[in-house]
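Structural overview
Here is what each chain is made of, one letter per residue.
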Amino acid sequence: QVQLVESGGGLVQPGGSLRLSCAASVNMYRIYNMGWYRQAPGKQRELVAAFTTTSSTNYADSVKGRFTISRDNAKNTVYLQMNSLKPEDTAVYYCNVQGSIGPLTPRYSYWGQGTQVTVSS
């Protein structure tokens, strides 16, 4: 099946930047949605940024103008560029891909292992 491997998290000061990467282990036959979610302690997992099959984007209001989602199809990788980071951005970030691996396979939601982002002085 599909494995999503995340990288790029870490500790950064307020106002700093990080770029998260999420690489799929296999080529997807069809991707319906892909995006980034985050979960802070004691809170629900929330959508941060996402692509759809039409390449439209959706961002949480709290990150608009600061975060940018992008992808490199040749590398089977999706990125999240995070600028002007704030302490409230601190969370575990998860990559998610909803798609199928073949024409006769069902859609499935795949998740990365999560990467910690900590914004603190």
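Residues numbered from 1 in each chain as written. Predicted model: local features only at pLDDT ≥ 70, side-chain atom pairs only at ≥ 80, totals over all residues. Heavy atoms only, no water.

A few words on the layout of surface pockets. Empty space within the largest pocket amounts to approximately 190 Å³. Considering the residues around the largest pocket, the lining is formed by 14 residues, among which M28, I31, M34, N76 and T77 are closest to the centre. Here the lining of the largest pocket is built from residues that sort into nine nonpolar, three polar and two charged. (1 Å grid on protein atoms, 1.4 Å probe; cavity = no way out; pocket = protein on both sides within 12 Å on 5 of 7 lines; lining within 4 Å. Points joined across faces, edges and corners; volume = space filled by probe spheres on them. Nonpolar A, V, L, I, M, F, W, Y, C, P; charged D, E, K, R; others polar.)

As summarised here, the arrangement of the four strands in space is β1-β3-β8-β7, forming an open sheet in which the pairing is antiparallel. Each edge of the open sheet carries a strand with a single partner, namely β1 (4-7) and β7 (67-72). Across the sheet, the mean angle from the axis of one strand to that of its neighbour is 15°, orientation sign disregarded. The sheet contact formed by β1 and strand β3 (residues 18-24) spans four bridges and is antiparallel. The residue of β3 that forms the bridge with L4 is A24. (Pairing = 2+ DSSP bridges. Helix = DSSP H or I, 4+ residues; strand = E, 2+ residues; numbered from the N terminus. Axes fitted to C-alpha atoms, helices over the stretch in contact; angles between N-to-C directions.)

Tracing the sequence through the fold places N58 in strand β6 (residues 57-59). Once residues lying within four places of it in the same chain are set aside, the contact partners of N58 are L47, V48, A49 and A50. (Contact = heavy atoms within 4.5 Å.)

The subject of this paragraph is the packing of aromatic side chains. The tally for this structure, following the rule as stated, stands at two aromatic pairs. Considering the side-chain rings of Y108 and Y110, the 5.0 Å spacing of their centres and the 65° angle between planes classify their relative orientation as edge-to-face. On the accessibility criterion, Y108 (52% relative accessible area) is exposed. Sitting over the face of the ring of W111, R45 holds its NZ or CZ atom 4.6 Å from the ring centroid. For R107, the ring lying beneath its charged end belongs to Y32, and the centroid distance is 3.9 Å. (Phe/Tyr/Trp six-rings, centres within 6.5 Å; stacked < 30°, edge-to-face > 60°. Buried < 20%, exposed > 50% of the residue type's maximum accessible area, 1.4 Å probe, protein only. Lys NZ or Arg CZ within 6 Å of the ring centre and 35° of its normal.)

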